[in-house]
Structures are given as C-alpha cells and as structure tokens.
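These are the residues of each chain, in order.
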Amino acid sequence: MFENLQDKLQSVFDKLSSRGKLSEADVDVALREVRLALLEADVNFKVVKDFVARVRGRAVGVEVMRSLTPAQQVIKIVHEELIATLGETARLNLSGPSPHVIMLVGLQGSGKTTTAAKLALNLRQSGQRPLLVAADTRRPAAITQIEVLGKQLDIPVHSEGNKVPPPQICANAVKRARESAYSVVLLDTAGRLHIDEELMGELEQVKGRTNPQEVLLVVDAMTGQDAVRVADEFNKRVGVTGLILTKVDGDARGGAAISVRSVTGVPIKFMGVGEKTDALEVFYPDRLASRILGM
C-alpha cells in the first residue's frame, strides 16, 4: 500500500544525505517535497500541515544544525513525528466481568462480517470464548456468511434470521452468552452504502440494549479521504472506541491510515492484511511508520 509514498520519501532523504551540513533552506526544500508526497498519498490536508510544522520546528533547531549527521537527525525526527501522528498502540478493553460486548459497525462493503470472524479467531487464540452474533438482518447474505465462517472456525454463531429486530437479537445473544459462559460477544451489525438516519438509529438502539465495552469501526483503507469522513460521522453518533482498517494489503495510497487516527482522535486497534481468517494484525504505529519510511 505504501510503496509509492515510501519511494518518494526515500528520494527526499537520499538528497538530504548527499549534503554535509544542512541550512534552513535545505530543510525547507526537503519538507516541501515531503508535504507533496503526503498529499499525493491522500493524507488529510490539515494532518499534513500540522505534521510538517512539527517536523520543521524541530529540524531547524539546535538538535539538527549542530549534529554530526544532520540528514540522519531529520529522518529520525520525521520517523518520531509520524509515530506521534499514528497514535499509541491501543489494546481491546476486556476489563471487568464477562461477557464483554464488542460491537462492530461500518459501511456495507468495508469487510465487517469477515473482520468479525477474524477478530473472534484472534480472541479465541488469546484464551477467550467468543460468540459471534448475526445482527445484520438487512443484507440476507450477511447471516449466511457469518454462519459459514463460524462453522469453518468452529466458533458458535447466535442467529435468529431476519425477522427479529437487530437490537432484540443482540440483547438475546448477550443473555445467552451470560448463561453459557461465553467471555466475548461480537455483534456484526448492519451497514449501508452510505450513512443514513435509520442505520444510526438502529445502532444507537443496539448500543443502548447491550452496553458494549468496545464499539469498533471497520474502515476500508481503499476509500482514502472518505474513510476520515465516515469515521467522524460514526464517532459522533455511536461513540467509536477503536478502528479496524481493512484491505491494508491493497494498492490504495495509504493516506487513510495516516489521517484517520489524527482527525478522529480514535486509536487504530487492528489492521486487516489479507483475505484469510488469520490475516488480522494488532496495529503498531512504530512498525507502520518504519514501513512507510522504508526502514
């Protein structure tokens, strides 16, 4: 995903490294190219502006100008500020008495149902007893899809067809989990092609009935800047606690991954890195920053 951005930044750093001492003008020229590379990678304009300002503030300071390896210092600063933009590593909140309810929300086509199964597998591998819930009654194939995935992974699925309202299905699932000692309940809620009032109303009801510890927004990284707007809308209405970026293995420009944390203030908790059910990784900002900078 980040190859293009990586190549452009590498070329900027190569030019810097070919100089000995760096003047303020050298730093400005380099940062202008960094700014262009980030904008071309579809990073949010405001995020780019703040990022470049922070890097410049440090790069024209004493720590670079007096350094024996000024170019290396600039690269180090870019790396540190990129990590700061991507935020901290954030774990799932599974504190307190079980069952812990995790509600997955997102637009149709973001990979929500597959992600629910991936997350259930991830949780089982870490010693939890997950229960998947087929609460997307709007898309007929979603119920079948989650039942098939549950069977493949040998993870139980709570399903009541598409005649019972989703808030009721979710409340029944939490009751079943409590009675059968499941430790985590994963709600696969409905999505739409775009955000609408009916969808948000339903999600608010599900949240009200199940009191989830985590509301995870599944965002397709291929949607670029639109991912930021979607995350912002969902966050305002249902209070998102974390993000899962899907299709990070695709050929998008990568800007959504860099922007979405900074704009929403909500941490990225996982990344979907492939089609297979085990292709879900905990999000480590330092690793992603190193990947983007080709380190």
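Higher on the page you've got the structure.
Throughout, residues of each chain are indexed from 1 in the direction in which the sequence is written. With the structure being a predicted model, the display of local features is reserved for residues of pLDDT at least 70 and the display and counting of side-chain atom pairs for 80 or more, all residues being used for whole-chain, interface and lining totals. To obtain the side-chain values, all non-hydrogen atoms of the structure were used and water was disregarded.

What follows is about the overall build of the chain. Secondary structure elements are defined from DSSP: runs of H or I of at least 4 residues count as helices, runs of E of at least 2 residues count as strands, and each element is numbered from the N terminus. Counting secondary structure elements, the chain contains twelve helices and eight strands. Overall, the chain is about 70 × 40 × 30 Å in size when its C-alpha atoms are taken along their principal axes. Partitioning the contacts of the chain with sequence separation of at least 6, the portion at a separation of at least 24 is 76%. As presented, the chain carries roughly 13200 Å² of accessible surface, and 49% of it is formed by carbon and sulfur atoms. Charged side chains in the chain number 38 positive and 36 negative. The centres of these two groups are separated by 3 Å. Any pair of residues with heavy atoms lying within 4.5 Å of one another is described as a contacting pair. All accessible-area figures derive from a Shrake-Rupley calculation using a 1.4 Å probe, and residue coverage is judged against the displayed protein chains alone. In this count, Lys and Arg are taken as positive residues and Asp and Glu as negative ones, while His and the chain termini are left out. Taken as the charge location is NZ of Lys, CZ of Arg, CG of Asp or CD of Glu.

Another aspect to go through is the environment of glutamate 88. Summarising the element assignment, glutamate 88 is placed in the loop between helix 5 (70-86) and strand 1 (100-105). Each C-alpha atom of the pair glutamate 88 and alanine 37 lies 24 Å from the other, and the pair is 51 residues apart in sequence. The contacts of glutamate 88, once residues within four sequence positions are left out, are Arg261 and Pro285.

Another aspect to go through is the layout of surface pockets. Considering only enclosed or pocket space, the largest pocket measures out at about 200 Å³ in volume. Around the largest pocket, the lining comprises twelve residues; the ones closest to its centre are Lys118, Thr246, Lys247, Gly274 and Glu275. Among the elements that line the lining of the largest pocket, the one with the most residues is helix 6 (residues 112-125), at three residues. When residues are sorted by character, Ala, Val, Leu, Ile, Met, Phe, Trp, Tyr, Cys and Pro go into the nonpolar class, Asp, Glu, Lys and Arg into the charged class, and all the rest, Gly among them, into the polar class. A per-class count over the lining of the largest pocket returns no nonpolar, eight polar and four charged. Only protein atoms enter the 1 Å grid, on which a cavity is a set of points fitting a 1.4 Å probe that cannot get out and a pocket is an open set with protein on both sides within 12 Å along at least 5 of 7 lines, lining residues being those with an atom within 4 Å of a point. Grid points are joined across faces, edges and corners, and a volume is the space filled by probe spheres set on the points.

Orientation is described by lines fitted to C-alpha atoms, with helices fitted over the stretch in contact, and by angles between N-to-C directions that extend from 0 to 180 degrees. Packing of helix 10 (residues 225-238) against helix 11 (residues 255-264) leaves a shortest axis separation of 9 Å and a crossing angle of 30°. Here helix 10 is positioned roughly parallel relative to helix 11, judged by the angle of their axes. As helix 10 runs across helix 11, the sense of the crossing is right-handed. For the pair helix 10 and helix 11, the contacting residues are Gln225, Ala227, Val228, Ala231, Asp232 and Asn235 in the first and Ala256, Ser259, Val260, Val263 and Thr264 in the second. Taken together, the residues that form the contact of helix 10 with helix 11 break down as six nonpolar, four polar and one charged. Note that the term roughly parallel is reserved for angles under 35 degrees, roughly antiparallel for angles over 145, roughly perpendicular for angles of 65 to 115, and oblique for everything else. Take the far helix as your reference; a near helix turned counterclockwise from it by less than a right angle gives a left-handed crossing, and one turned clockwise gives a right-handed crossing.

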